[in-house]
Amino acid sequence: MTDTVFRVDAARRDRFGPAYRPGPDGELRPYAIEAVPFTEPPALIEGGVGLVSTVRDYLRFAQMFLHGGELDGVRILEPDTVALMTANRIPDALLPIGFGTPQPGRGWTLGFSVVMDADATALPVREGTFWWDGSSGTRFFIDPVENMVIVIMAAASPAHGNGFRQNFTEAVYRALVD
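Model, not experiment: these values are computed from the prediction.

A. Representation of the overall build of the protein in the model. Looking only at helices and strands, one finds three helices and nine strands in the protein. Walking the protein from its N terminus toward its C terminus, one meets helices and strands in the order β-β-α-β-β-α-β-β-β-β-β-α. Relative to the 2.2 N^0.38 estimate, which gives 16 Å for 178 residues, the radius of gyration of the protein is 17 Å and therefore close to what a compact globule would have. In terms of principal-axis extent, the alpha carbons of the protein reach across some 45 × 40 × 40 Å.

Here it is in structure tokens:
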């Protein structure tokens, strides 16, 4: 991963584009999602905000998890570490979890959301699938049952984009059964 950074330096600046949001007339306009100065050194590097990446880097990161912590023949994480990071860590008494709205069928791992009961979740994914959504319309799914990675880098705000991530994911899973 050579293009995943917390600060977009001068060499990368011409490739760093804005996120877009529809204006009152429906036309897409550049939109500052967060008050994060991506081209300046951050005051605090934290894993939850401010990371900038490319589709290629994001895909490699997800593939490493899909392959149990190995990528291109190089062991990055031990399989036990990947198992620990991708299994629900929320006690049953605290489920269902969600950001404002409970999300049945899902749990929380050490860094990802995970499907524990595919029949209970609104997502068309398999049990054991884990993912993360970003604030600018990014999403990656890792589905170990289908041996599949989905990466979406939309640069859209609001991040849900009127359901485009959901619609895209549903279309991928429909294609698997067709």
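B. Main features of the sheet that holds strand S7 (residues 130–133). The strand order across the open sheet formed by five strands is S5-S6-S7-S8-S9, and the pairing between neighbours is antiparallel. Of all the strands in the sheet, the pair left with one neighbour each is strand S5 (106–108) and strand S9 (148–153). Taking the axes of each pair of neighbouring strands and ignoring which way they run, one obtains an average angle of 20° across the sheet. In terms of strand pairing, strand S6 (residues 113–115) meets S7 through two bridges, oriented antiparallel. Among the inter-strand pairings, Ser113 is bridged to a residue of S7, identified as Trp131. Seen against the sheet, helix H1 (residues 55–66) touches S7, strand S8 (138–143) and S9 and runs at an angle of roughly 155° to S9. Strands in contact with helix H3 (residues 164–177) are S7, S8 and S9; relative to S9, the strand with the most contacts, it is inclined by about 150°.

C. Representation of the pattern of salt bridges. One pass over the structure, following the stated rule, counts eight salt bridges. The salt bridge involving Arg15 is made with Asp3; its shortest N-O contact spans 3.0 Å. Within this pair, whereas Arg15 is found in the segment before strand S1 (19–22), its partner Asp3 is found in the segment before S1, the two being separated by twelve residues in sequence. Take Asp3: its relative accessible area is 19%, and that puts it in the buried class. For Asp133, the salt bridge identified is with Arg139, shortest N-O distance 2.6 Å. Overall, Asp133 belongs to the partly exposed group, its relative accessible area being 26%. A relative accessible area of 7% means that Arg139 is categorised as buried. When salt bridges with common partners are traced through the structure, they connect Asp3, Asp9, Arg12 and Arg15 into a single cluster.

D. Spatial organisation of H3. Taking 1.5 Å of rise per residue, the 14 residues of H3 would be expected to cover 20 Å, and the 20 Å separating its terminal C-alpha atoms lies within 8% of that figure. Residues of H3 that are buried include every one of Arg165, Thr169 and Tyr173, and no others. Mapping the buried residues of H3 onto a view down its axis gives an arc of 60°, with all of them on the same face. Contact partners of the buried residues in H3: S7, S8 and S9.

E. Main features of the nonpolar core. Counting 13 residues, the largest nonpolar core has Ala62, Phe65, Phe112, Phe130, Phe140, Ile142 and Val149 as its most contacted members. Taken together, the elements giving at least two residues each to this core come down to H1 and S8. For this core, the leading source of residues is H1, giving five residues. If near-sequence neighbours (up to four positions away) are discounted, Val149 is found in contact with Leu59, Ala62, Gln63, Leu66, Phe141 and Ile142.

Rules and cut-offs
- Residues numbered from 1 in each chain as written.
- Predicted model: local features only at pLDDT ≥ 70, side-chain atom pairs only at ≥ 80, totals over all residues.
- Heavy atoms only, no water.
- Helix = DSSP H or I, 4+ residues; strand = E, 2+ residues; numbered from the N terminus.
- Rg over C-alpha atoms; globule rule 2.2 N^0.38 Å.
- Pairing = 2+ DSSP bridges.
- Axes fitted to C-alpha atoms, helices over the stretch in contact; angles between N-to-C directions.
- Contact = heavy atoms within 4.5 Å.
- Salt bridge = Lys/Arg side-chain N within 4 Å of Asp/Glu carboxyl O.
- Buried < 20%, exposed > 50% of the residue type's maximum accessible area, 1.4 Å probe, protein only.
- Expected span 1.5 Å × (residues − 1).
- Arc of directions from axis to C-beta.
- Core = buried A, V, L, I, M, F, W, Y, C linked by side-chain atoms within 4.5 Å.

The analysis is restricted to geometry; functional conclusions fall outside its scope.
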